Each structure stands twice: as C-alpha cells, then as structure tokens.
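Listed below, chain by chain, are the residues.
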Amino acid sequence: MPAASTGASVITGAASPSRPSLPAADSRMAPGGPGYRRMSLALFLAGVATFALLYSTQALLPLISGEFGVPASDASWTVSAATGALALFVLPMSALSERFGRRTVMTASLAVAVTVGLLVPFAPSLGALIALRAVQGAALAGLPASATAYLAEEVRPRALITAIGLFVAGNSVGGMSGRVITGWVAQEWGWRVAVAVIGVVAVGCAVAFRLLLPAPRHFRTGSLRPRVLARTVRTHLANPLLRRLYAIGALFMTVFGGVYTVIGYRLTEAPFSLPQGIVGSVFLVYLVGTVSASTAGKLVARLGRRGALYLAGGTTTAGLLLSLSDALALVLLGLVLITAGFFAGHAVASSAVSHTAKEGRAQASALYQSAYYIGSSAGSTLGAVAFHAGGWSGTVGLGLLAVLGVVTVTVMGSRAARVPAAA
C-alpha cells in the first residue's frame, strides 16, 4: 500500500527498472556529519521553549494562589489546563505534520505559543489565565510528536536514542530555567513580570530554532483523511508494546507532575519557609535530568530497555521516600533522584516508540505524547488534591502508586517477551 494511503511518513527509494537495485548509502544525519550539530541545537532550543512555556506558572503557584485567593487545587489548573490541552491536540497536530511537514508545524506551533505567552501576564482573572494557558498548551502540541518524527526520519537509527535524549534534555533545561528565572524575578517584581520574561526568552529560542533546523530530506507527505488517520491510530493501539510504552510515559509523568506542582507549597511552608527565589532555584536539579536523558542511549546499551526502565523506576522510588524527610538536604537529594529517574525513563520510553513504529511515526509519537501529558495533567491535579488532603505524604503516596504501575507494566513486557523466545 502506498505511503500516502496509510497516513505514514516513510522513507522510500525508487529503483530504476532498467538497472538492478543497489544498496544506497544512508544519507540520514549522524553525529559528526553535516547538519547534525545544527539539528541538535535547534531541537534542544525547541525543547527549552516548550517546557519553559508549558510549566511557566508551576513554580509561581503559591503567588498565584495568594493574588486570586484560591487553594493549591484551583491554582494548579494553570498547569493542568496547558498540559491537558496539549494532550488533546497532539494527535491532530501530528496529522497536520504528516501533510504539511514537521518543520512547518513546529515553527507555526512555537510562533502561536510564544505570542500567547506574551499575553499571559495581562490575564485579569484566574479563569482568563487558565484559558490562555489552555490555548498555549494546544499550540505547543505541534512540537513533541513532530520533533520525534523528524528525528526518526532524518537521523540514523543508531543515533536515534541519543538525538531524542538531547531533545528531552532541552525539555529539562527549559523546565529548570523557566522555574529558576520565574522564582527570582517573581520575588522582586511579582509573578506577572516573571511569566513575561519567560515569554521573551521563548521568542529568542523560537527564532533560533527556525534559523538552525535543517530542511527535511526524507519526509514523505501523508494523508489527512480522517479514516486513514483512524486506521493508523487503531494499528498503533493494537500493538501491545506501544500500549505498554504509552502507559509507562503517563505513569512516570504522573509522578513528576504531582511532585513539582506541589513542591513549591511544601518549601514555602514550615518547617522550611523558604523565600520564592530560593524555591525557584531548587529547580536547578533539572540539570540532573539533562544528564540522565542525554545518556539514556548508553543506559539501554548496557542494561537493555526493560533494565533501564527498572533502574529509572527504582531511582524515582528512592527519591520519593527520601523526600518525606524534614531535613532540607534529604528533600533536595530526593528531588535529584526523582528527576534523574523520570527523565531517564521518559527518554527510554519515547525513543522506543519511535523505534517500534515503522509507519505512522508521527501518530505513534503523538499517542505517546498524549498519554504523557495526560499523566502530567492528572499528576498536577491529583498531586495538589493529595497534598490538600494528606500533606506531602499524600503526594508521595500518589507517586509511589504510579511507580508501582511502571514496574508492573514493565514486568508484563518482560513476560510477553519470553513467550516468542520460548517458542
């Protein structure tokens, strides 16, 4: 069946009918090759802009609660609305990228998101702020799936995990810098100026991204017909391995979303009572995520995919348990371990999706991203509710349940792999 009728973006080569087909040299990008460094930097900056914008209000939730007179569970919707809208729109945006191209959709998405980001500081009410954040999240939906599909098409398979790890590392830098910058700026000038600064930083990242990203050479236009898209989605959802990877992404992000939505409230309250700038600086632990994500390829090479996921889950669990302490040093160490485990697990699972899907890669990645951000939205909301009901222990309990889910799903994968091996 031709690629245009499957909704897939595949690499094809036409052999001359008068000559025997010869193996062609792989013209995709590889480390050290032409364009690879520019591509890596461009997508790294796109990742920075995406996470900086998406989570720009997360470190500011105590201040937003104070200005509008609402509890954590209400203020958390400024995060949940953005991630939830991204989850809803990532699949339609991936379909647009099949038709109009990865670079075009990513550029348009960033342009809309940074424009909305410049309007967010002027929101007159909590409802208006939540609405603007939802629009921003919907716009950012064009980035994650399109980026991983671009990499799957333009980068050689052996370099794919490393390339996706660099994109995820950009996510971690964006999440860290957004929270650190907003923390210190908000301490002096308030949360509105803080999110305005993030908007300006994102504009710079968006412009640099468009100038640096090489034009795609292996993209093939796919179909926008709803029936074709639905068939592609059903095919992916019928794949047990992909379903497990989607579940793992959602569960890891439930932990991460819950912890980082609530941690600002915990650190500004007794026994810590830290000022907003210091609380923002706590997010420097994201640098650990940058390292763990970018080294995910080596981790998989040494332990295998499931071994890497077990390690990521164990590291996250240890971090959650340490964070229960009332000693600030142990809480920070717990955040380091949670961050390292999460970003490693996310990089392993997302790269496995791109490797597993041979057709319709944008849709396969979009389904992963949808599950991932549903987990983020659920984690942000449920983490805040758990904190309101049971304090930090409630949020940790939610995280431990999610990690148990990751381990359970991975065990299921291990058992499923033994069946064909035994046969």
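Residues numbered from 1 in each chain as written. Predicted model: local features only at pLDDT ≥ 70, side-chain atom pairs only at ≥ 80, totals over all residues. Heavy atoms only, no water.

Colleague: Which residues make up unusual backbone geometry, and what are the values?
Modeller: At the junction of Ala270 and Pro271, the peptide bond is cis and its omega measures out at 10° in the coordinates. Considering the arrangement of structural elements, one finds Pro271 in the loop between helix H11 (240-268) and helix H12 (276-281). The backbone of Ser273 sits at a positive phi, close to 50°, despite the residue not being glycine. Tracing the chain through its elements places Ser273 in the loop between H11 and H12. Looking at Ser273, the relative accessible area reads 48%, which means it is partly exposed. (Helix = DSSP H or I, 4+ residues; strand = E, 2+ residues; numbered from the N terminus. Buried < 20%, exposed > 50% of the residue type's maximum accessible area, 1.4 Å probe, protein only.)

Colleague: Kindly report on a positive patch on the surface, identifying the contributing residues and their values.
Modeller: Positive charge collects at one region of the surface, where Arg225, Arg227, Arg231 and Arg234 lie side by side. Mapped onto the elements of the fold, Arg231 is located in helix H10 (residues 226-237). (Patch = residues over 30% accessible without salt bridge, like charges linked within 9 Å, V, L, I, M, F, W, Y side chains within 5 Å. Areas by Shrake-Rupley, 256 points an atom, 1.4 Å probe, with all protein chains shown as cover. Salt bridge = Lys/Arg side-chain N within 4 Å of Asp/Glu carboxyl O. Lys, Arg positive; Asp, Glu negative; His and termini not counted. Charge placed at Lys NZ, Arg CZ, Asp CG, Glu CD.)

Colleague: Tell me about the environment of Gly204, and please be specific about residues and values.
Modeller: Topologically, Gly204 is positioned in helix H9 (residues 191-212). The class for Gly204 is partly exposed, based on a relative accessible area of 42%. Between the alpha carbons of Gly204 and Thr115 there is a distance of 12 Å; along the sequence they are 89 residues apart.

Colleague: Hey, could you go over the confidence of the model for the protein chain for me, with residue numbers and the actual values?
Modeller: Chain-level pLDDT for the protein chain is 85 on average; 92% of the residues reach the 70-or-more range. Confidence scores differ between elements of the protein chain, with helix H13 (residues 286-294) showing the lowest mean pLDDT of 78 and helix H6 (residues 126-140) the highest of 96. Contacts from residues 1-24, a stretch scored under 50 in pLDDT, to residues over four places away or in other chains number 41 contacts. (pLDDT = per-residue confidence, 0-100. Contact = heavy atoms within 4.5 Å.)

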